[in-house]
Amino acid sequence: MDLLWVLYSMLTVCMAINMEATGSHNMFTCEPITLRMCQGLAYNTTFMPNLLNHYDQQTAALAMEPFHPMVNLECSTEIRPFLCALYAPVCTEYGRVTLPCRRLCQRAKSDCYKLMEMFGVSWPDEMECSRFPDCDDTYPRAIDLLPSSDGTEESPTSIQRDYGFWCPRELKIEPDLGYSFMGVHDCSPPCPNMYFRKDELIFARYFIGVVSIVCLSATLFTFLTFLIDVGRFRYPERPIIFYAVCYMMVSLVFFLGFLLEDRVSCNAASPGRFRASTVTQGSHNKACTLLFMTLYFFTMAGSVWWVILTITWFLAAVPKWGSEAIEKKALLFHAVAWGVPGALTITLMAMNKIEGDSMSGVCFVGLYDLMALRWFLLVPLALDVVVGVVLLLAGIAALNRVRMEIPLEKENQDKLVKFMIRIGVFSILYLVPLLTVIGCYLYEQSNRSVWETTWVQERCREYHIPCPFKVEQTSRPDIALFLIKYLMMLVVGIPSVFWVGSKKTCFEWASFFNGHRRKDSAVHESRQVLQEPDFTQLLLRDPNTPVVRKSRGTSTQGTSTHASSTHLAMLDEPPSASTSRAGSMRSKSSSFHGSLHRSRDGRYTACSYRGVEERLPHGSTLRLNDPLQHCGVNRLDSHSRHGSLQRLESQSRHSSVRDLTITTQAIQSSPGNGIHRVVEEDATKA
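Source: prediction; values computed, not measured.

Analysis parameters
- In every chain, residue numbers begin from 1 and rise along the written sequence.
- pLDDT decides what is reported in this predicted model: residues at 70 or higher carry local features, side-chain atom pairs at 80 or more are listed and counted, and totals for whole chains, interfaces and linings draw on all residues regardless.
- Hydrogen atoms and water are omitted, and side-chain values are computed over all heavy atoms in the structure.
- Here the nonpolar core consists of buried residues drawn from Ala, Val, Leu, Ile, Met, Phe, Trp, Tyr and Cys, with membership extended through side-chain atoms lying within 4.5 Å.
- The rule is simple: take the accessible area with a 1.4 Å probe, protein chains only, and divide by the maximum for that residue type; under 20% is buried, over 50% is exposed, in between is partly exposed.
- Only DSSP runs of H or I reaching four residues or more are called helices, and only runs of E reaching two or more are called strands; each is numbered from the N terminus.
- Contact criterion: two residues are considered in contact whenever any of their non-hydrogen atoms come within 4.5 Å of each other.
- Counting rule for disulfides: a pair of cysteine sulfur atoms within 2.5 Å.
- Whenever a carboxyl oxygen of Asp or Glu lies within 4 Å of a side-chain nitrogen of Lys or Arg, that contact is scored as a salt bridge.

K.L.:
Quick question: what am I supposed to make of the nonpolar core here?
P.N.:
Most often, soluble globular proteins keep nonpolar side chains buried together rather than apart. Judged by nonpolar contacts, the single largest core of 103 residues is most densely connected at Phe165, Phe254, Tyr296, Met359, Phe364 and Tyr441. Among the elements that line this core, the one with the most residues is helix H8 (residues 286-317), at 18 residues. Leave out the neighbours within four places in its chain, and Met359 touches Phe196, Leu201, Ala204, Arg205, Ile208, Ile479, Phe482 and Tyr486. In this structure, Phe82, Cys84, Cys112 and Trp123 belong to the second largest nonpolar core, which totals 36 residues.

K.L.:
Which parts of the structure should I look at to understand the state of the cysteines?
P.N.:
As used here, a disulfide is simply a covalent bond connecting the sulfur atoms of two cysteines. Per the stated rule, a full pass over the model turns up 8 disulfides. Sulfur-sulfur distance for the disulfide between Cys105 and Cys129 comes to 2.1 Å. Handedness of the Cys105-Cys129 disulfide follows from its S-S torsion of about -80 degrees: it is left-handed. Of this pair, Cys105 sits in helix H5 (residues 102-118) while Cys129 sits in the loop between H5 and strand E4 (158-159); the two residues are 24 residues apart in sequence, bridging distant segments of the chain. Neither Cys105 nor Cys129 differs from the other in exposure class; each is buried. The side chain of Cys288 participates in a disulfide bridge whose partner is Cys363; the two sulfur atoms lie 1.8 Å from each other. With the S-S bond torsion at -120 degrees, the cross-link from Cys288 to Cys363 turns out left-handed.

K.L.:
When you look at the pattern of salt bridges in this model, what are you seeing that I'm missing?
P.N.:
Pairs may arise between side chains of opposite charge once their charged atoms sit close together. Per the stated rule, a full pass over the model turns up 16 salt bridges. Residues Asp136 and Arg107 are paired through a salt bridge, measuring 3.0 Å at the closest nitrogen-oxygen approach. Taken as a pair, Asp136 in the loop between H5 and E4 and Arg107 in helix H5 lie far apart in primary sequence, 29 residues in all. Across the pair Lys353 and Asp369 runs a salt bridge whose closest N-O atoms are separated by 2.7 Å. Taken together, the residues span a long stretch of sequence, with Lys353 in the loop between helix H10 (330-350) and strand E9 (355-356) and Asp369 in the loop between strand E10 (363-364) and helix H11 (370-405) at a distance of 16 residues. The burial state of Lys353 is the same as that of Asp369; both residues are buried.

Listed below in structure tokens is the structure:
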């Protein structure tokens with residue numbers, strides 16, 4: 001038995017030396033003394049961390065080096081026991097340290113004070129004799145060497161201390177990376193998540209993956225609907241599209257995290273260096289930084305775009321701004337919506353607050369740092385909610401006042417009520433998930449310290465670190481809380497589908513999949529590009545030259561385009577129809593506006609001689625009744641053609657240009673009107 005005990009002791013010492021070489025103590029319970037100065041005393045086991053907060057015996061040995069001359073020269077018989085009482089205290093029971101007596105400290109200091117001055121060693125403040133109990137016993141006392149079960153009362157010279165959190169050897173990180181965990185630098189949380197079991201983490205990962213796919217599909221549908229008909233969604237509802245794009249990117253990042261698992265959010269383990277897998281922090285991991293930038297930027301941008309949406313509704317309802325007036329502020333809206341999240345993202349990167357999320361596989365902020373959680377998540381989101389709700393309620397109140405005070409037709413009343421209900425439902429579908437996320441963050445930051453203390457209490461012996469002192473409350477987080485948080489972070493983008501969902505959307509998608517748009521797509525009421533001939537070129541052009549058509553702009557007001565449609569249809573009529581129509585116009589008044597002429601390439605173009613007819617001699621006016629009136633200029637010889645043009649230049653050039661300017665201004669002031677509308681108006685006046 002004695003031989004077995006000796007072998008066991010030797011094995012224990014070898015293990016202690018091996019652990020010392022790795023830079024950490026072996027166990028948080030009693031461990032063999034490896035300090036050369038403290039060997040050979042009445043005890044051979046010590047307790048770490050010691051009274052001076054040295055984490056292991058190697059650190060304590062380095063701190064004792066200045067006192068080696070005093071011990072070697074034996075300036076006092078009390079100096080060695082006193083130093084070992086502080087640097088390698090006797091191990092009595094788990095978590096307890098026995099203090100040396102004050103008289104022992106005073107004798108050691110007085111005997112070695114002069115020698116310490118010679119070697120330039122000062123007496124440390126933490127070794128002041130007034131800090132120790134007033135007694136005159138040797139160290140260690142006889143009671144300290146007895147087993148802890150034999151003592152029934154606590155010795156007045158024995159105390160129990162709170163050592164705080166000591167970073168385990170397995171979680172230590174290189175100093176230049178700037179990691180921190182529970183207030184300790186160069187330390188990182190374990191990976192996978194330290195709060196949940198492996199089966200819970202697997203379920204949570206698949207849950208987040210499925211929800212991200214659903215939300216990505218919904219927001220992508222909203223964005224594609226916008227691309228099919230861009231002119232349909234104008235201010236004040238245009239911010240809904242940008243809001244959907246933001247949460248589409250958020251869903252995409254979570255989906256990528258589901259595919260990547262923990263390859264980006266966690267650092268790989270290094271068993272040869274006694275390093276476990278830890279959570280990624282900071283910006284040294286490029287993939288993690290990219291995921292964080294995208295996720296945080298678009299999360300904040302989505303909430304800002306919702307505030308801008310309430311602002312545009314407020315401007316439309318209270319000061320009665322039109323769509324064009326609100327759209328003039330679009331540059332300011334974009335500057336705020338993208339600039340503020342960008343500034344916050346850059347600030348977090350500069351502060352090195354990026355943290356990996358081993359549950360979802362992404363990188364975010366505030367997962368372990370409470371300060372970042374409060375100031376970069378809770379405060380911005382709460383501010384967005386308050387501002388948005390105030391503006392939303394003011395806008396709804398203004399619309400309701402309009403409905404009550406201003407007499408409207410029943411149809412318009414119903415439309416206004418439906419619009420108010422639509423705004424209300426959309427806002428509720430957004431606010432409920434967002435308020436739930438804020439509630440989860442509040443609950444998480446208020447219970448984080450308790451969860452961490454519970455984790456340390458459960459793992460301290462496994463990691464060989466000090467256990468918490470006087471734990472009053474223990475608690476573990478519920479996996480359902482985190483699942484609800486991730487669910488609400490994603491579904492907050494789904495309300496955009498509610499806004500774009502309508503019969504018109506179904507018709508547009510059906511037309512898109514059928515490979516064609518509406519039959520009258522050439523003159524679509526929201527995006528018609530008018531093609532009208534230039535009147536100056538038309539007056540003076542060669543009859544055989546094709547008419548060059550110029551765009552008069554795009555109509556986005558949803559106004560009628562009947563006149564433009566009639567004009568475009570007139571250009572496609574056969575010659576006989578155009579000739580008969582020109583004849584009917586001749587009989588109305590002395591003004592003549594034009595008919596159709598078929599050029600060599602087979603196109604029908606309009607001929608306009610407004611103003612010319614009014615100033616030609618009486619004989620020339622009668623000549624307009626001949627076939628020349630039908631643009632049969634190609635049948636005239638060159639002499640008559642040049643004669644007509646010469647008379648046009650000499651007699652009516654100035655009047656024609658003046659009338660042309662008036663006509664052009666009238667057409668440009670009325671979008672959507674073509675040449676045929678001018679013809680019909682003049683015929684009606686006549």
